[in-house]
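Here's the letter readout for the chains.
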Amino acid sequence: MSKLLLWLFADRPASSSPRRSAVWGLGVIAVVIAGLCGRLYDLQVVQHERYLERRNSNSTRAVTLPGTRGRIVSEDGVTLAQTTFSGASLVVNPRAIPADERAAVAGRLAQLLERDAAFAAELERELYLRRDKFFYAVMREVPQAHEAAFRAAMAGGELPGVELRAIETREYPLGDFAAHLVGFVGSDMYGQEGAERALEKFLAAKPGKRLITVDALGRPVQGVDDTVQAACDGANVELTINAGIQAIVEDELRECVDNWDPVTVTVIVMETQTGAILGMANYPSFDPNKPGTDAAARTNIAITDPIEPRSMFKPLIVCSAYQRGILTPESMVEYTPELSVPGRKKRVSDHGHEIPADQLTLYMGRNCVSTSAALVKSSNTVMTRIGLMLGCENLYNSITGFGFGRRTGFDLGGPSFGESAGRVRPLADWTVPNSIPSVSIGYEVQVTPMQMLNCFNAIANGGRVMKPYAVNRVTAADGKVLYEAQPTVLLDTGLSHEVTRVQMNETLKRVVSGEGTAGSGALKEYRIAGKTGTAHKVKNGQYSSDKICSFVGYAPADNPVISVIVVVNEARGKVLNKWGYPIRHYGGTVAAPAMSRITLRALKHLGVPEDAPLPETVGK
Amino acid sequence: MQNTLRNAYLLNVLALVGIGVVMVFSSSAIRVMPDAEVDPFIFIKRHLLFVGLGLAGMVLLQRMDHTFWQRYAKPIYVLGLALLAATLIPGIGTEFNGARRWIRFGGIGIQPSDFGKFALLIAAASYAAIRKDELGSFVKGFLPACLFTGIYSVLCMAQPDFGTSLFLGASSFLVLLAGGLRVKHLLVSVLVMLPVASVVMYSKFDHIQDRIMVFLDPAADPRGKGHQVNQSLIAIGSGGLEGQGLGNSMQKLYYLPEQETDFIFAVLAEEAGFLGSALTLALFASLVLLGIRIAARAPDRFGSLLTIGVTGAIALQAAINIAVVTASVPTKGIGLPFISFGGSGCFFYLCAVGLVLSVARRCVPAEQARKLLAEELADSRSEQSLRQSARARRITAAGA
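Below you will find a few notes about this structure.

Parameters at a glance
- Residues numbered from 1 in each chain as written.
- Chains lettered and ligands numbered in written order.
- Predicted model: local features only at pLDDT ≥ 70, side-chain atom pairs only at ≥ 80, totals over all residues.
- Heavy atoms only, no water.
- Helix = DSSP H or I, 4+ residues; strand = E, 2+ residues; numbered from the N terminus.
- Buried < 20%, exposed > 50% of the residue type's maximum accessible area, 1.4 Å probe, protein only.
- Contact = heavy atoms within 4.5 Å.
- Salt bridge = Lys/Arg side-chain N within 4 Å of Asp/Glu carboxyl O.
- Pairing = 2+ DSSP bridges.
- Axes fitted to C-alpha atoms, helices over the stretch in contact; angles between N-to-C directions.
- Core = buried A, V, L, I, M, F, W, Y, C linked by side-chain atoms within 4.5 Å.

Time to look at the environment of Val499(A). Residues and elements named next belong to chain A. The residue valine 499 is located in helix 18 (residues 497–511) in this model. Valine 499 sits in the buried class, given a relative accessible area of 5%. For valine 499 and glycine 325, which are 174 residues apart along the polypeptide, the C-alpha to C-alpha distance reads 9.6 Å. Contacts of valine 499, omitting those with residues within four sequence positions, involve Cys319, Tyr322, Gln323 and Met504.

Side chains that differ in sign of charge can pair as their charged atoms come close. Residues and elements named next belong to chain A. One pass over the structure, following the stated rule, counts 27 salt bridges over all chains. Glutamate 147 serves as the salt-bridge partner of arginine 151, at 3.3 Å between the closest nitrogen and oxygen. With a gap of four residues between them, arginine 151 and glutamate 147 both fall in helix 6 (residues 144–155), about one helical turn apart. A residue is classified by how much of its surface remains accessible, and arginine 151, at 42% relative accessible area, is partly exposed.

Attention now goes to the sheet that holds strand 23 (residues 542–555) of chain A. Residues and elements named next belong to chain A. Pairing is antiparallel in the open sheet, where five strands are placed in the order 10-9-24-23-22. Bordering the open sheet on either side are strand 10 (277–283) and strand 22 (529–539), each of which pairs with just one other strand. Between one strand axis and the next, the sheet turns by 10 degrees as a mean value, whatever way the strands run. With six bridges joining them, strand 9 (residues 264–271) and strand 10 adopt antiparallel strand pairing. Bridging across to strand 10, valine 265 finds its partner in tyrosine 283. Set on the sheet, helix 19 (residues 587–606) makes contact with strand 9, strand 10, strand 22, strand 23 and strand 24 (562–569); between it and strand 23 the angle comes to about 25 degrees.

Within the largest apolar cluster, 126 residues are counted, with the highest numbers of intra-cluster contacts made by Phe402(A), Phe404(A) and Met452(A). Per-element tally for this core: the top contributor is helix 19 of chain A, with nine residues. The contacts of Phe402(A), once residues within four sequence positions are left out, are Leu316(A), Cys319(A), Cys455(A), Ala458(A), Ile459(A), Val465(A), Leu491(A), Thr493(A) and Leu495(A). One finds Phe142(B), Phe167(B), Val214(B) and Val356(B) within the second-largest nonpolar core, a separate group that totals 109 residues.

Okay, structure coming up:
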């Protein structure tokens, strides 16, 4: 210890010369400078990229250059949706407002908007809270009357950081016209339904960018050129909708709604050979300009809401029997107004529309009727007999062969659009006494109007179930075709020309004539082939007296161009016939007249030559 | 030969001043641009004024005999003390950013601590030259040195200006060590004082806490306390090898605070790249080299120590500044000599260069210098032998 103290405090004269210490100093300084040099090298050369990136992300501000969303047009060139820029929204860059001018700017804005001092104080507070931010939207739509005053004040330099931006608006010039197909966009310009949603990636514009070099206060730096990446406008979409036919469809739909006061109505017009949708409308509908919050009105019930097809399903049973050679149109089948099936409690009955005795043929001591006549008269008992002849497996295969129980592949449909696959019980769950009588007369299955139409369309075009489509073409802003629809066969039913175009066609033509259930739908100009359907609605687990009246068919029958379905759900209106009695609600009375008017007008619109006038004898 | 050394030193300083003028203009002009009514050249004009005054002072002082300063070291020391004390008197000292560092004469503010550095260097050199024989002693050499350096430091700390007070102490002890102060005295007392001092400092001054925290983790609060260091690193790093080009700094657009004063080196590094920043570093290094050469050839001990002190202080300050800007040490508000915008700092540094030049003017030829060195070493050798014999006696005594 004493040695340590001695070592520390011993008085000794200075030992070194400043000249010598300088050498030591030199060494120390060399080390320090080498260290700093290394540090600079590390920062500036080794880590250069990283810091340069941080600098650029710091000092550039990207301003989005909006592109224009693509148009949606009909096949005949009518604009259904377009984007316009109009009006102005008021946005502020709070960072560009000097602190001492904040109150003045807020005051001036309030004054220009004709608002009170409280508004100004609130605005000033908002600007203060966002003083580090680049963007604050003050008002979405500046009243047009104030716009000029704003522009003048901005030009006068009174409002630093204030900007008026054009508002992008999606416009549907025809309102609810084809609303369920066109769809609509949300306030963020993102497609919510229909083509707007399904074709979002085509319609959406790729926004461009203007990269502005700004100082730390967010003010653009003078003399530095902006980097501009131009926006790319969205592609234009052409639907298969024919505006003329769509107008006819909507017109008749409105008429139907006025007459019958239904809960819902669905009308679809399809091009027979291709599966293209020429017109499609639902009631209730909506105006895409103001989509509202009523989800039910915005739903395309033609693909989302399955119904029990009832009599519309019968041609399928008959078709299956023809196809398998079990029956021909002339084959005689025993007719009884009621039929009890062993093992089934409830009897199958033709109650209310029995085939009159004078149309029956006595054969081997029994009342018989030809297969075609039974279908024309829509006999439940005969259909059940045919169903029993076919058996579960054949029946099941025929049904699924027409695409029931699966989605149609509609291009504006699919699970994300709520498209229903309908419902066909798996074969394993079928029982002869219950399933066959039910399915044969169109119960126990659920089908969407689109599926039903698709099935008839297959009969009309010779056995091909087409994939329905509503998007015809997508064309980029520069004219390049990005997508072109090709008619696609969804399923080949394997039905022969003889079965569909001769046997079924002849039978279905007779339905739309004086002797059939849809006599009221017959036309002088064109021959329609089709089938009515009247289903009782299930309410509270029981069949009620409310009905779904439908009609599906195609025309001209011998050379089909269009297939049409009309489904009127729960007609409630009272329409009197010429004798002053209210018309009862059946497919033949409610849906068939609407379908035939649509068919007539649509075929005229398409310029389809009229059929030769019928000989009087066939008409009656 | 003497003239070559002197001219080289002068040219070296002028090169740094030149870089400074360009960089002050480049980094300050933009600062005033957006407000049209303010003269964009206001900073560079004021900088040029101080540079002009400093050069005039330098020319004047380099003509004088440096021994003059040794004679008047005491009055100069007292003047510095008085000015430093004056900053603490309300009404004379001007408060700015929470510290009283300024005295205003009319429109111009000077920092007495700038003059303080100048005065303390002269005092230390003079002390070390006159009392060279007692400097090795703890009581007679070390303690008085601590005392006169400490008073300056304490006054500075009272402003409060922690960084400058540390810098004053460091530069003063640099001279004293070169003059023969024993390193172990300094080291031991620093080691003893350090725990106490650091605890006091750390708890007393919030900003020191913050700065150390920021230094340890600059990314912790990049927009708050770490903002300046982060922006500085971005500036330096984005410079790359060749730099963004003169005037093209992005960080000076208000991203980097103090861009024309303490953090001017970051702007320089961004605009001139690694080549430019390394060149600046090299100029400081060569200044040190030249300073040491002058010190080795100084006609007397005082001149030698004065040269070492001035050059050392310049190098020390430059090293600290660059280390701060590159986030190699905790943040400390200190300018880059000759380059930063800063009135009185620039002026007094140029005056100090005048002192060095006046010593350089009287440099002795190399042979004479060698002779002087030999004499000094002979002195110390005889002292050394004395000391060794004393140690031998102690050892034998201990052995017995």
